[in-house]
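The lines below spell out each chain.
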Amino acid sequence: MSRAHAPGRVNLIGEHTDYTGGLTLPMAVDMGVTCEATPRTDGRVTAESREMPGEHVEADVASVAPGDVRGWAAYVIGTVWALREAGVPVPACDLRISSTVPAGAGLSSSAAVECAVALAVLDLAGATMPAREVARVAKRAENEFVGAPTGSMDQVASMLGEADHLIFFDTGEDTTRTVPFPLRAQGLHLLVIDTHAHHQLVVDEYGERRRALEAATVQLGVPSLRAVTDAAAVEQLADPVLRRRARHVVTENARVLRTIVLLEAGDIAAVGPVLTEGHRSLRDDLEVSCEELDVAVDAACAAGALGARMVGGGFGGSAIALVPTDAVAAVTTAVTAAYAARGWRAPDVHDVTPAQGAHLVA
Ligand code: GLA
């Protein structure tokens, strides 16, 4: 039997940039997915999930193709398909997954599933693959088998995460490096506030943002928006919607670079206002926030957070807040009270730290 664990991710800053050749700064978190792979002898692959009791999905390893499997199992079987397409001699196997990543919270439980399945199956096959290549295979499963047009940040964070570090991922250059993020040593906490909101808009709106940013790139005559370093340049776009969308990406890339300068100077607290500025940009320019996220961000900041912003695709999911140790209780209480005042279900608050990326476990 082979067993692997892969973490979910939180992105500190650099949101909706990974499909534009832009910059991101995510970390792996201490919540994740474990996959157990056991061999079979009949050419089949099966998928079961502790979180989906009673569901059992099967496919043929040699012939399974995009469109054959839907729902949660598509992430599992899709990874088997992508490994096979990458030339791995995938053995017939039973795959059983279990997750501690809250689903729908914007913490990339899907990338965690893909990366855990990939590592477990590779091990069962007696094969190895560099971590960055596993991330590519996992992304291909998500894009081509599941059919979600996501960027490459989530799988890279899940594969390359390190304790006490962020991953600076330049998606245009396709390079990564770690950046120290010793939260506790500086008396700080990163709270993930799971709003429980899931607005159905997300899939359509995500694709619409991609198309708008591609159009803005063409109209600006640049190879990618990463090439635009002067935010004033986007003002020449005639369409006010495209102008706002492009302004988000150009200013967000600049925020990633500013954050790295602050972190390399050893000042995590100074990143707080950059996060809040990023939230305003996602809310007003890219327009991917929602009331539940805005209320969480505003309540957290009013109660002593140094900064806060929505994370992930938007339209629900989670916000993050950078909080000094002595304000953690006040921030948690304030966000919960703000939700209660609106008659909303209480959010879940997770105190996260950067964790090790995907790995085999005994
Ligand atoms: C989702 C996608 C990522 C990224 C974020 C927004 O999480 O999976 O690739 O685009 O949204 O930053």
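Everything numeric here is computed off the predicted structure, so don't read it as measured data.

Brief notes about unusual backbone geometry
Stage number 1. Of note in the backbone geometry, His-16 takes a positive phi value of approximately 55 degrees without being a glycine.
Stage number 2. Note that His-16 resides in the loop between strand 1 (2-11) and strand 2 (23-24).
Stage number 3. The buried category is assigned to His-16, whose relative accessible area is 5%.
Stage number 4. If you check the backbone angles, Phe-315 has positive phi at about 55 degrees while not being a glycine.
Stage number 5. Within the fold, Phe-315 resides in the loop between strand 10 (307-310) and strand 11 (316-324).
Stage number 6. Judged by relative accessible area, which is 6%, Phe-315 ranks as buried.

Here's the deal with the domain arrangement of the chain
Stage number 1. Domain annotation for the chain reports domain 1 (2-180) and domain 2 (184-351).
Stage number 2. A straight line from the C-alpha centre of domain 1 to that of domain 2 covers 25 Å.
Stage number 3. Approximately 2800 Å² of surface area, both sides summed, lies buried where domain 1 meets domain 2, with 66% of it carried by carbon and sulfur atoms.
Stage number 4. Linking domain 1 to domain 2 there are two salt bridges.

Here's the deal with the side chain of Thr-79
Stage number 1. Checked against the element boundaries, Thr-79 lands in helix 1 (residues 72-85).
Stage number 2. With a relative accessible area of 0%, Thr-79 lands in the buried category.
Stage number 3. Residue contacts for Thr-79: discarding those within four places in its chain leaves Ala-74, Glu-114, Val-117, Ala-118 and Ala-141.

Calculation criteria
- Residues numbered from 1 in each chain as written.
- Predicted model: local features only at pLDDT ≥ 70, side-chain atom pairs only at ≥ 80, totals over all residues.
- Heavy atoms only, no water.
- Helix = DSSP H or I, 4+ residues; strand = E, 2+ residues; numbered from the N terminus.
- Buried < 20%, exposed > 50% of the residue type's maximum accessible area, 1.4 Å probe, protein only.
- Domains from an automatic or database assignment.
- Buried area = accessible area lost by both parts, 1.4 Å probe.
- Salt bridge = Lys/Arg side-chain N within 4 Å of Asp/Glu carboxyl O.
- Contact = heavy atoms within 4.5 Å.

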